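Each chain, written out:
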Amino acid sequence: MLGAPRPESPPLLPAYVQLAAAMALVGVNVAVAKLLSEALPIALIVCLRCILACLVLWPLARALEGRVPRPRGAVGRNLFLQALFGTALYNAGLLAGLRLTTALEGGLVLATLPAVVAIGSAVWLRERLAPRQSVLAAGGMAAITVARLGGAGTGGDAGGDALGNMLVFAGVCGEAIYVLLAKRVAGQVPVFTATLWMQGFSALVLAPFALPGIGAVAVLAADPGLAGLLVFHSLTASVVSLVLWYQALKRVPAGVAGVFTAFLPATAAVTAVAVLGEAFGAVHALGFMLMGASLALATWPRRRGA
């Protein structure tokens, strides 16, 4: 009948919940990563994390998906690049940056991730960038500017904070590339298999850098609490969050998924204050308000006739 409403597509709420949960777990791990980076070499942390993840993912992939095929051709190259950018570059930038800046300011820099993903989706995947998403990009870039100035207002080393924030932003770029690459391979490889191979490739990339610091494993043996943090870090950041993200990307465009990365800095900020006891100052509030406003403008529902 003329004028009758069109049948609605299947609800996307489950996929949205998966995206939000995945990024919330990554955000919680910002504080965990800061604690680990103060006690262990960065490459060793990430390499051990990937190895632990593989030990969990291998039996899961065999049990739930049957035979675990070796990825070949374009899919294999894609998964290798995801490991290079989404694991190696992201974690190297994040952990190195968190040695110089606070988890709060690192979380504020991570708030630029939706903007970087939105721009990358338009340029690389040719997804449409709505005019309002340019506001998101502008807000993201303004947020990182505020974060770089944060050290001057918190009594810390402003130069160290600025360098740390720039290193975290390098990690943001790696994570954005991972999001876009993950969209290209979503649905082509079973979820647990894709996650397993990405973690395996990550361990191979990081092994040469981790071996010189292998002696630090003794620290883990002597400190069960630190070892527990590493296990938590591995299971949540390298298994659960990746599985949720891959599953959701089967149904959600990369540009829309990028909006949900806003949960990363939000949970990073809450964890930094609640767990690490960092002070939440006016500069942090300003940065998050700026990013929140740009996200609201970019994602506000349109009128039906628009």
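From a predicted model like this one, the values you see are computed outputs, not experimental measurements. (Residues numbered from 1 in each chain as written. Predicted model: local features only at pLDDT ≥ 70, side-chain atom pairs only at ≥ 80, totals over all residues. Heavy atoms only, no water.)

(A) Quick look at the packing of helix α1 (residues 13-37) against helix α12 (residues 263-274). Contact pair α1 / α12: the axes reach a minimum separation of 7 Å and the direction vectors enclose 40°. The orientation of α1 relative to α12 falls into the category oblique. As α1 runs across α12, the sense of the crossing is right-handed. For the pair α1 and α12, the contacting residues are A20, M23, A24, V26, G27, V28, V30 and A31 in the first and F263, L264, T267, A268 and T271 in the second. Along the lines of polarity and charge, the residues of the contact of α1 with α12 split into 10 nonpolar, three polar and no charged. (Axes fitted to C-alpha atoms, helices over the stretch in contact; angles between N-to-C directions. Helix = DSSP H or I, 4+ residues; strand = E, 2+ residues; numbered from the N terminus. Parallel < 35°, antiparallel > 145°, perpendicular 65-115°, else oblique. Left-handed = near helix turned anticlockwise from the far one by under 90°. Contact = heavy atoms within 4.5 Å. Nonpolar A, V, L, I, M, F, W, Y, C, P; charged D, E, K, R; others polar.)

(B) How the structure looks around empty space enclosed by the protein. A complete count under the given rule lists two cavities of 30 Å³ or more for this structure. The computed volume of the largest cavity comes to approximately 200 Å³. What lines the largest cavity is a set of 20 residues, and nearest its centre among them are V26, R49, Y90, E175 and A237. Of all the elements in the fold, those that place two or more residues in the lining of the largest cavity are α1, α3 (73-98), α7 (158-185), α8 (191-210) and α10 (224-249). (1 Å grid on protein atoms, 1.4 Å probe; cavity = no way out; pocket = protein on both sides within 12 Å on 5 of 7 lines; lining within 4 Å. Points joined across faces, edges and corners; volume = space filled by probe spheres on them.)

(C) Structural view of the environment of K250. Inspection of the secondary structure puts K250 in the loop between α10 and α11 (254-259). Along the backbone, K250 and K183 are 67 residues apart, and their C-alpha atoms lie at a distance of 7.6 Å.

(D) Layout of the nonpolar core. Residues L110, Y178, W245, Y246 and L264 are the most contacted members of the largest nonpolar core, which totals 77 residues. For this core, the leading source of residues is helix α2 (residues 42-65), giving 12 residues. Excluding residues that lie within four positions of it along the chain, L264 makes contacts with M23, V26, G27, V30, Y90, L110 and L113. (Core = buried A, V, L, I, M, F, W, Y, C linked by side-chain atoms within 4.5 Å. Buried < 20%, exposed > 50% of the residue type's maximum accessible area, 1.4 Å probe, protein only.)

(E) Local environment of the packing of aromatic side chains. Inspection of every chain in the model, using the stated rule, returns two aromatic pairs. Measuring from centroid to centroid gives 5.8 Å for F80 and F201, while their planes differ by 80°, and the two rings are edge-to-face. Remark: F201 occurs in helix α8 and F80 occurs in helix α3; sequence separation between them is 121 residues. Overall, the relative accessible area of 35% leaves F80 in the partly exposed class. (Phe/Tyr/Trp six-rings, centres within 6.5 Å; stacked < 30°, edge-to-face > 60°.)

(F) Representation of helix α5 (residues 113-123) in the model. α5 sits mainly inside the fold: nine of its 11 residues count as buried. Restricting attention to buried positions, one finds in α5 the residues L113, P114, A115, V116, V117, A118, G120, S121 and A122.

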